[in-house]
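Observations on the three-dimensional arrangement
Listed here are the chains, written in short residue letters.
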Amino acid sequence: MKTLLAVNPAKQQFRPYRQFNPAGFNKCINLARQLKGARIIHINSAAIGGGVAELLKNQVPLEKSLGVNSSWLVLQLPKQFFFITKKIHNLLQGQKGFLSEPEKKYYTNKLAKPGMELQKIISSSPQPTVVILHDPQTLPLIDYLPASVSTVVRLHIDTSSANKSMLQTLKPFLEKADKVIVSHKQYAPPWLNKKKLLVSYPAISPFTLKNHALSKKQILQLFKHFRIDTTRPIMAQISRFDPWKDPEGVIESYYLAKKTIPKLQLVLEGVMEAKDDPQAEGIYNRLKMEHQNDPDIFLHGKKTLSDTAYQTWINALQSQSNVILQKSLREGFGLTVTEALWKGKAVIGGNALGIKAQIKNGRNGFIVKSPAECAKRVIQIIQNPSLAKKLGAEGKNTVRKNFLFNRLILDFLKLYAEVL
Ligand code: UDP
């Protein structure tokens, strides 16, 4: 069985992005021309679920639309591998503990087979190649790449307070890369050569099912399907069930806010489809057990819709809720924040660097440090629709200027040209 699976996301056109920045658009066209004949290979660990899959689903087709020969491969490895890589993820985000020697061995050894497959793919066609390894799951693949290949590591997580021994374990892989991309300058490993570093924020596409404008009718139909009352206030968090996303803190905030707004409902949407996050199921099951008796808490862990209807549902949930939360304790960036800001929503984010890169407290949303503070902001937003509207309008501007795919594609095309 193959351990690297090719993913072919649906086609997308880059042309509509011209409206956001015509000069940047022209730069992209020129850079793409320079890249003719080169090959770009993105590798990550999940084809669906989570922000990296969401990014690649858009980035790869947009690069292709510009004539760049981009492709996307996904690791197919046993659940045990992803238990270990989730541990690596948690340690890199600052959790206490360490990776044992057998775990280290398992992690690197399991990448031997995909490494060999990758060598075959690369040698099948002798052309200038850039390989982009997304997140630690794929990192040891760097040992299998021929010297002729340009290597980029894209770290999507918040490593600002990384467990030192874990970071040290990954150091040899990171130092081998020609370039390391992070979402915030504070995520850069202290020992990394600054010339190798690129800070580039993630981005969203305004043209997809998840982010385009929906009709009220479509929105209401989906809420009816989930039996959520749109005549009552709704707070929602759309996130994997992950300790760093603080679902417990969201529930605590909901109970506090409900004392003032008794009709408040809470939606925690966290469909468990990311194969590289085996920790989610345990958290979801526990929360479900603890809160199943509250009819105003909607905990969604399983997908009950087709993929297209599901994308539209996330869009509807972000568009209709009175307030969107992303109460993360750590967050590499948080595409859910960007998606909600783009919909002109009032967003409350946790005090995490990735979220603070998007939300300036009080200007285009709120940053909170505790459930009590979060509840206070929920109440303030629900009781004050004109404030919600003002924050949302600012938020949409922020995304238009900084976090749409035209900017991300320009960052990457420049990078490809540089490393080739
Ligand atoms: N998402 C989703 N359904 C869920 C939870 C998340 O579609 O139940 C999507 C969400 O809309 C966003 C991505 O998954 O596009 C999550 O990206 P983010 O950067 O916020 O977090 P990550 O999962 O990468 O930590």
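My aim in this report is to walk through the structure given alongside it, one point at a time. (Residues numbered from 1 in each chain as written. Predicted model: local features only at pLDDT ≥ 70, side-chain atom pairs only at ≥ 80, totals over all residues. Heavy atoms only, no water.)

For the rest of this paragraph, the subject is the site of the ligand. If you check the shell around the ligand, you find 18 residues, and the closest are G51, K245, V271, Y310 and E339. Within the contact set of the ligand, an oxygen atom lies 2.6 Å away from a backbone nitrogen or oxygen of G51. The separation between an oxygen atom of the ligand and a polar main-chain atom of G270 is 3.4 Å. About the coverage of the ligand: the protein hides 90% of its 540 Å² of free accessible area. Where the shell around the ligand is concerned, the elements lending two or more residues are α2 (51-65), α10 (307-320) and α11 (335-342). No other element matches α11, which puts three residues into the shell around the ligand. Looking at side-chain class alone, the shell around the ligand contains five nonpolar, six polar and seven charged residues. (Near = heavy atom within 4 Å. Polar contact = N/O pair within 3.5 Å; in protein donor to acceptor, adjacent residues only side chain to side chain. Areas by Shrake-Rupley, 256 points an atom, 1.4 Å probe, with all protein chains shown as cover. Helix = DSSP H or I, 4+ residues; strand = E, 2+ residues; numbered from the N terminus. Nonpolar A, V, L, I, M, F, W, Y, C, P; charged D, E, K, R; others polar.)

Next up on the list: the sheet that holds strand β1 (residues 4-6). A sheet is described by the order of its strands in space; here seven strands give the open sequence β1-β3-β2-β4-β5-β6-β7, paired in mixed fashion. Each edge of the sheet is formed by a strand with only one pairing partner; in this case those strands are β1 and β7 (197-199). Here the strands of the sheet are splayed against their neighbours by 25° on average, with no regard to which way each runs. Sheet topology places β1 next to strand β3 (residues 69-75); three bridges connect them, and they run antiparallel. Directly across from A6, in β3, lies its bridge partner L73. Sheet strands in contact with helix α5 (residues 112-123) are β1, β2 (39-44), β3 and β4 (129-134), and its direction is about 165° off that of β2. (Pairing = 2+ DSSP bridges. Axes fitted to C-alpha atoms, helices over the stretch in contact; angles between N-to-C directions. Contact = heavy atoms within 4.5 Å.)

So, about the packing of aromatic side chains. The final tally for this structure, using the stated rule, is 15 aromatic pairs. Aromatic pair F226 and W313: ring centres 4.4 Å apart, planes at 35°, arrangement tilted. With a gap of 87 residues between them, F226 in the loop between α7 (216-225) and β8 (234-238) and W313 in helix α10 connect regions that are remote in the sequence. The residues F226 and W313 share a single accessibility class, namely buried. The interplanar angle of 55° and the centroid separation of 5.0 Å between the aromatic rings of Y254 and Y255 together place this pair among those described as tilted. (Phe/Tyr/Trp six-rings, centres within 6.5 Å; stacked < 30°, edge-to-face > 60°. Buried < 20%, exposed > 50% of the residue type's maximum accessible area, 1.4 Å probe, protein only.)

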